[in-house]
Amino acid sequence: MDDAATYQRVDSCRVCHEDALSPFLDLGAMPPANAFLDAPDDQETAIPLEVVVCENCSHVQLQHTVDPEVLFSDYHYFSSASTPLLDHYGDYAETVTDRYLDPEDLVVEIGSNDGVLLRQFGPEIETLGVDPAENVAEVAREHGVETITSLFDPSVARQIREERGAAQAICANNVVGHVHDLHGLMTGVDALLADDGVFVVEVPYLVDLLSNHQFDTIYHEHISYFSVRSFRRLVERFDMQVLDVDRVAVQGGTIRLHVGRTSAGGSPTRMATDLGRLELAMGLDGMAPYEEFAARTESIRDHLTTLLGTLGEDGSRIVGYGAPAKGNVLLNYCDVGTETLEYLTDTTPTKQGTYSPGMHLPVRSPEAFREDPPEYALMLPWNFQEAILERETAFREDGGEFVVPIPYVNVV
Ligand code: ZN
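Residues numbered from 1 in each chain as written. Predicted model: local features only at pLDDT ≥ 70, side-chain atom pairs only at ≥ 80, totals over all residues. Heavy atoms only, no water.

A.B. asks: Can you walk me through the overall build of the protein chain in this structure?
C.D. replies: Check the secondary structure of the protein chain and you find 14 helices and 19 strands. Here the C-alpha radius of gyration of the protein chain, 21 Å, is about what a compact globule of 412 residues would show, namely 22 Å. Seen through its C-alpha atoms, the protein chain measures out along the principal axes to roughly 65 × 45 × 45 Å. Residue burial in the protein chain is summarised as follows: out of 412 residues, 55% are buried. Here the analysis covers contacts within the protein chain between residues at least 6 apart in sequence; of these, 68% occur between residues at least 24 apart. (Helix = DSSP H or I, 4+ residues; strand = E, 2+ residues; numbered from the N terminus. Rg over C-alpha atoms; globule rule 2.2 N^0.38 Å. Buried < 20%, exposed > 50% of the residue type's maximum accessible area, 1.4 Å probe, protein only. Contact = heavy atoms within 4.5 Å.)

A.B. asks: Looking at this structure, how should I read the sheet that holds strand 15 (residues 344–345)?
C.D. replies: Hydrogen bonding along the main chain pairs the strands of a sheet, whether they run parallel or antiparallel. The six strands lie next to each other as 16-15-14-17-18-19, forming an open sheet whose pairing is mixed. The sheet terminates laterally at strand 16 (363–364) and strand 19 (410–411), the two strands that pair on one side only. Bridging between strand 14 (residues 318–321) and strand 17 (residues 376–379) involves four bridges; their strand directions are parallel. From the neighbouring strand, Y321 faces strand 17, where its bridge partner is M379. (Pairing = 2+ DSSP bridges.)

A.B. asks: How do you make sense of the coordination of the zinc ion when you look at a structure like this?
C.D. replies: Geometrically, a metal with four donors at the corners of a regular tetrahedron has ideal angles of 109.5 degrees, and one with six donors at the corners of a regular octahedron has ideal angles of 90 or 180 degrees. Within the protein, the atoms that donate to the zinc ion are C13 (SG), C16 (SG), C54 (SG) and C57 (SG), at distances of 2.3 Å. Bound by four donor atoms, the zinc ion shows angles of 102 to 118° at the metal and therefore tetrahedral coordination geometry. All donors to the zinc ion come from one chain, and their sequence spacing reads C-x2-C-x37-C-x2-C. Accessibility expressed as a relative area gives 5% for C57, which makes it buried. (Donors = N, O, S within 2.8 Å, 3.2 Å for Na, K, Ca; no water. Tetrahedral: all angles 85-135°; square planar, octahedral: opposite > 155°, others 65-115°.)

A.B. asks: I'm lost on helix 4 (residues 134–142) in this one. Help?
C.D. replies: Within an α-helix, residues lying three or four positions from one another point in the same direction, as the helix has 3.6 residues per turn. Those residues of helix 4 that fall on the buried side of the exposure criterion are V136, A137, V139 and A140. Considered in projection along helix 4, the buried side chains sweep an arc of 155° and stay on one side of the axis. Packing partners of the buried residues in helix 4 comprise strand 7 (126–131) and strand 8 (147–149). The positive-phi residue at the C-terminal boundary of helix 4 is G144, with phi of around 85°. (Arc of directions from axis to C-beta.)

A.B. asks: Would you mind showing me how to read helix 6 (residues 182–192) here?
C.D. replies: Taking burial as the measure, the 11 residues of helix 6 include nine buried ones, the bulk of the element. Among the residues of helix 6, those classed as buried are L182, H183, G184, L185, M186, G188, V189, A191 and L192.

A.B. asks: So what exactly am I meant to see when it comes to the sheet that holds strand 12 (residues 240–248) here?
C.D. replies: Strand order in this open sheet of seven strands is 8-7-6-9-10-13-12, and the pairing throughout is mixed. Since the sheet does not close on itself, it has two edges, and those belong to strand 8 and strand 12, each with one partner. This sheet shows a mean twist of 20° between the axes of neighbouring strands, independent of strand direction. Contacting strand 6 (106–110), strand 9 (167–173), strand 10 (193–204), strand 12 and strand 13 (254–261), helix 6 crosses the sheet at an angle of about 145° to strand 10. The sheet contacts of helix 9 (residues 270–281) involve strand 12 and strand 13, and relative to strand 12 the element is tilted by about 80°. (Axes fitted to C-alpha atoms, helices over the stretch in contact; angles between N-to-C directions.)

A.B. asks: Any chance you could explain the pairing of strand 17 here in plain terms?
C.D. replies: A regular strand places its side chains on the two faces of the sheet in alternate fashion. The side-chain alternation of strand 17 yields two buried faces, one formed by Y376 and L378 and the other by A377 and M379. Bridge count between strand 17 and strand 18 (residues 401–404): three bridges; the pairing is parallel. Paired with A377 across the bridge in strand 18 is F402.

A.B. asks: Is there a simple way to explain the nonpolar core in this structure?
C.D. replies: Note that soluble globular proteins tend to have their nonpolar side chains buried in a common cluster. V176, F199, I218, F231 and L331 are the most contacted members of the largest nonpolar core, which totals 106 residues. In terms of residue count, the dominant contributor to this core is helix 10 (residues 288–313) (seven residues). A domain split of this core shows at least three residues from each of domain 1 (79–283) and domain 2 (289–411). With sequence-adjacent residues up to four places away left out, F199 is seen in contact with I110, I170, A172, V176, L185, M186, V189, L193, F231, L257, H258 and V259. Grouped together as the second largest cluster of nonpolar side chains are 18 residues, A93, V107, F121 and I125 included. (Core = buried A, V, L, I, M, F, W, Y, C linked by side-chain atoms within 4.5 Å. Domains from an automatic or database assignment.)

A.B. asks: Any chance you could explain the pairing of strand 6 here in plain terms?
C.D. replies: With five of five residues buried, strand 6 is to be regarded as a mostly interior element. Residues L106, V108 and I110 line one face of strand 6 and the alternating positions V107 and E109 line the opposite face, and both faces are buried. Relative to strand 7, strand 6 is paired through five bridges, and the arrangement is parallel. Its bridge partner being in strand 7, L106 is matched across the sheet by E126. Here four bridges tie strand 6 to strand 9, and the two strands are oriented parallel to one another. Within strand 9, the position partnered with V107 by the bridge is A169.

The structure is reproduced here in structure tokens:
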């Protein structure tokens, strides 16, 4: 595939459509973070990974949009593969049911993956998933979750409304940030949502990204990095309002926004108002926090490569623990490859036996790590640090140590 067909540069803001995008961080060109290779010499495309902020509405986003077909047609990320997330989805479904639903109401989830959230709703609730990746949609159907294989767009939304009626709740869990055409998505939500319905959205929170130096959560799939204020700007264009916001400690820091039609009434909670104020107090409407974040990102790269270099020179064996998408961003940005790490280990069966995008590290099962433990393991899914330390007690008791890269380089 030629590069021009793979991605495009974007010059106008995806929220306010002004040509006011100002660059502040360049992570370099790299292949998509989930594009694992079957063989180390398979061809791949390096795509720019640059972050910009809109000077008009302060929405943080990527400078380029990658063709979704390239990113999502054979998605390796199965939500259910991650145990800590399962509890999260149970809680999510319960919250939505208790607050907004009556028996026989319809819940539609945009980007329903393998159906892990929709499975958590009780049998009295009607559920329907929409997801573009055929392989994960198939798993959802096997679990009894009715799923349409498609991107969520206005025509799919109208079709669902015609066939099933309006949705009382539309959920979008860690997916709105993946959408280039935010106005198309919102047009679809507007078409499908009941008059008194709620659009419940989880997105990684820009405040947590900046505060915890999570530069590795920036990758081609994640086009937008929302604050409460920038999300508000988006939904206001569709006569909707942010009624409430929860902060959720998952995936390194997420907000759950509850959005309703302005015509349905209601006023924003204290939390929704306070977070907007916090964002202003942090200066997120200016450039300073973004420039500071870029400087910290470079500093983490320098510390990490120096540390790994020193450990290697001392003759220690180092492997990468986990092969999450964010890990591939970190490895590519820091240029950490086969000369430093022996291999990556990951519990996801579809990743085992493949090679990591860009750095071409072989991905092995956790057994490889347990049978022949190295001295050090670079913890790439640092957001699950607590669970990993608990699981790998034997490794640590035998003298093994983890290098944790984020929020700052640390050995535990
Ligand atoms: Zn804007």
